[in-house]
Amino acid sequence: MSLKCGIIGLPNVGKSTIFNALSRCTAPVASYPFTTIQPNVGIVPVPDKRLKQIASLTHHKKITPATIEFVDMAGLVDGASRGEGLGNQFLANIRSVDVLIHVIRCFKNDNVTHVYPSMDTERDIGVINTELILADLQVLERRIAKVKRQSKSGAKQELVVYEKLHHGLSRGLWASLIDLEPEEKRLLRELFLLTSKPVIYVYNVDENGLQNKIYSEAAEKVSKATNAPWVAICGDVESEIREFREEEQLEFLLSLGLRESGLDKLVKMAYQLLGLVTFYTIVGTELRAWPILAGTSALTCAGKVHSDMERGFIKTEVIAFDDFMKVGSMAKARAEGLIRLEGRDYIVQDGDILHFRFNL
């Protein structure tokens, strides 16, 4: 599956700077609002130590990591749900993403125009959240009016769920935080509400803020209220990290008192937020990581690799990552009985190395 993350926030909070650092793209960055009009798209590899460890033993020349797609969107302003700014276009674009990356400005720069004269992270988050909630309320009001005109079987149940969601949103709750029964959650998914999407808050700080962590108290408060993870990122530092060779990056991070870049944390966080796990295949000259939803069957994984494998599926050979690392090769793993055969209903586990047997 392709994981798609939408980078959102007020204008001029550093969305495009963070997008460029993530994707090594060159989206326009300027000191005035609405530099980004059409969304910019970048594909980012998922940091994966296991993939490197497997490669160190197999010596494969072609190594393909799992990836995440990041989409840099236009800034959202107060009134976007009524079409202000680029609101209508923004709200249409955001419905197609899986995870929201909400960037909040936590730095002062007199050369960069801000939509408000003062810096207030809770206010800025509130503006965006309010507009998303208002947009969802409009969707629900149209659905409620439509259901009330119908007499079909099940309409009453739909109406109960829609009104429950409307009541929660009207109180300022995200749809994802409204208590629903399993069957009611199915109806929620069919609505594609903006506030049903998982969100990660990104506090865009300068280097001083990164060291002093002046944002952390406000970040923890918002995170607790929204049940959403957060990470602090300094766009300038992240851009600088990308200029170093891989072996030099850790040394640079350690000099700043960090063990991992903010962007690597963000990518992993987005990957985990949707409940994704990774399996690996070794085919010919290629070692590859594949992202799947936790709970996916071997048959479905075979189809992800190639449709022929799914159609002609017989069995899959499975070895756990830890077992493979202990022996260091497939030949030794086979000799020691560490490779097992599993059928189509086997639930693939995070870190499994798979070899599919199939008929053409």
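Check the entry above for the structure.
Because the structure is predicted, anything quoted here is derived from the model rather than measured.

A.B. asks: Even after reading the chapter, I still don't get the sheet that holds strand E6 (residues 199–205), so can you show me in this structure?
C.D. replies: The strands making up a sheet associate through hydrogen bonds between their backbones, and the pairing can be parallel or antiparallel. On the basis of which strands lie adjacent, the open sheet formed by six strands has the order E2-E4-E1-E5-E6-E7 and mixed pairing. At either margin of the open sheet sits one strand with a lone partner, and together these are strand E2 (40–45) and strand E7 (230–233). Sheet twist, expressed as the average angle between the axes of neighbouring strands with direction ignored, equals 25 degrees. With six bridges joining them, E2 and strand E4 (residues 67–72) adopt antiparallel strand pairing. Pairing of Ile43 across the sheet is with Glu69, part of E4. Of the strands in this sheet, strand E1 (3–8), E2, E4, strand E5 (99–106), E6 and E7 are in contact with helix H1 (residues 15–23), which crosses E2 at around 40 degrees. Together, E1, E2, E4, E5, E6 and E7 form the strand contacts of helix H11 (residues 262–273), whose direction differs from that of E7 by roughly 160 degrees.

A.B. asks: Sorry, what's going on with the pairing of E6 here?
C.D. replies: Along a regular strand, successive side chains alternate from one face of the sheet to the other. Where burial is concerned, most of E6 is hidden: seven out of the seven residues are buried. Across the two faces of E6 the burial is the same, with Val199, Tyr201, Tyr203 and Val205 and Ile200, Val202 and Asn204 all buried. In this structure, E5 lies alongside E6, joined through seven bridges in parallel fashion. Each residue of the ladder has a partner; that of Leu100, found in E6, is Val199. As paired elements, E6 and E7 share four bridges and run parallel to each other. Opposite Tyr203, over in E7, you have Ala232 as the bridge partner.

A.B. asks: Teacher, can you tell me more about the packing of aromatic side chains here?
C.D. replies: Working definition: an aromatic ring pair is given by the centre-to-centre distance plus the angle between the planes. Applying the stated criterion across every chain, the model contains four aromatic pairs. Note on Phe279 and Trp290: the rings are 6.1 Å apart at their centroids and 10 degrees apart in plane angle, and the pair reads as stacked. Taken together, the positions of Phe279 in strand E8 (residues 276–283) and Trp290 in strand E9 (residues 286–293) put the pair eleven residues apart, joining distant regions of the chain. On the basis of relative accessibility, which here comes to 8%, the residue Trp290 falls in the buried class. Over the aromatic face of Phe321 sits the side chain of Arg50, whose NZ or CZ is 6.0 Å from the ring centroid. One cation-aromatic arrangement involves Arg288 over Trp290; the distance from NZ or CZ to the ring centre is 4.0 Å.

A.B. asks: How should the side chain of Ser223 be read in this particular structure?
C.D. replies: Among the secondary structure elements, Ser223 is positioned in helix H8 (residues 216–226). With a relative accessible area of 14%, Ser223 lands in the buried category.

A.B. asks: What is the right way to look at the sheet that holds E9 in this model?
C.D. replies: One open sheet accounts for six strands, arranged E3-E9-E8-E12-E10-E11; its pairing is mixed. Every other strand in the sheet has two partners, leaving strand E3 (62–64) and strand E11 (340–342) as the edge strands with one partner each. Here the strands of the sheet are splayed against their neighbours by 30 degrees on average, with no regard to which way each runs. Relative to E11, strand E10 (residues 313–319) runs antiparallel, the two sharing three bridges. Among the inter-strand pairings, Val318 is bridged to a residue of E11, identified as Arg340.

A.B. asks: Would you mind going over helix H10 (residues 246–255) with me for this structure?
C.D. replies: Those residues of H10 not exposed but buried are Gln249, Phe252 and Leu253. Along the long axis of H10, the arc covered by the buried residues comes to 100 degrees, so they all point the same way. Exposed residues pointing more than 90 degrees away from the buried face of H10 are listed as Glu247, Glu251 and Ser255. Along its buried surface, H10 packs onto helix H9 (235–241). Just past H10, the residue Gly257 takes up positive phi, approximately 80 degrees.

A.B. asks: Would you explain H8 in this entry?
C.D. replies: Given 3.6 residues per helical turn, the α-helix brings residues three or four places apart onto the same face. Of the positions making up H8, those classed as buried are Ala219, Val222, Ser223 and Thr226. Across the axial projection of H8, the buried residues extend over an arc of 100 degrees, all falling on one side. Pointing more than 90 degrees away from the buried face of H8 are the exposed residues Glu217, Lys221, Lys224 and Ala225. Packed against the buried residues of H8 are helix H4 (121–149), E6 and E7. Backbone geometry just after H8 places Asn227 at a positive phi near 55 degrees.

A.B. asks: Got a minute to help me understand the packing of H1 against H11 in this structure?
C.D. replies: How two helices sit against one another is set out by the angle between their axes and by the gap between those axes. For the pair H1 and H11, interaxial distance at closest approach is 10 Å and the crossing angle is 85 degrees. Viewed along their axes, H1 and H11 adopt a mutual orientation that is roughly perpendicular. Together, Ile18, Ala21 and Leu22 of H1 and Leu263, Leu266 and Val267 of H11 make up the contact between the two elements.

A.B. asks: Which parts of the structure should I look at to understand the environment of Ala302?
C.D. replies: Examined against the element boundaries, Ala302 turns out to sit in helix H12 (residues 298–305). We classify Ala302 as buried; its relative accessible area is 0%. In the structure, Ala302 is positioned 13 residues away from Lys315 in sequence and 9.8 Å away in space, judged by C-alpha atoms. Each residue touching Ala302, except ones within four places of it in the same chain, is listed here: Met309, Glu310, Phe313 and Phe356.

Criteria and cut-off values
- Residues numbered from 1 in each chain as written.
- Predicted model: local features only at pLDDT ≥ 70, side-chain atom pairs only at ≥ 80, totals over all residues.
- Heavy atoms only, no water.
- Pairing = 2+ DSSP bridges.
- Helix = DSSP H or I, 4+ residues; strand = E, 2+ residues; numbered from the N terminus.
- Axes fitted to C-alpha atoms, helices over the stretch in contact; angles between N-to-C directions.
- Contact = heavy atoms within 4.5 Å.
- Buried < 20%, exposed > 50% of the residue type's maximum accessible area, 1.4 Å probe, protein only.
- Phe/Tyr/Trp six-rings, centres within 6.5 Å; stacked < 30°, edge-to-face > 60°.
- Lys NZ or Arg CZ within 6 Å of the ring centre and 35° of its normal.
- Arc of directions from axis to C-beta.
- Parallel < 35°, antiparallel > 145°, perpendicular 65-115°, else oblique.

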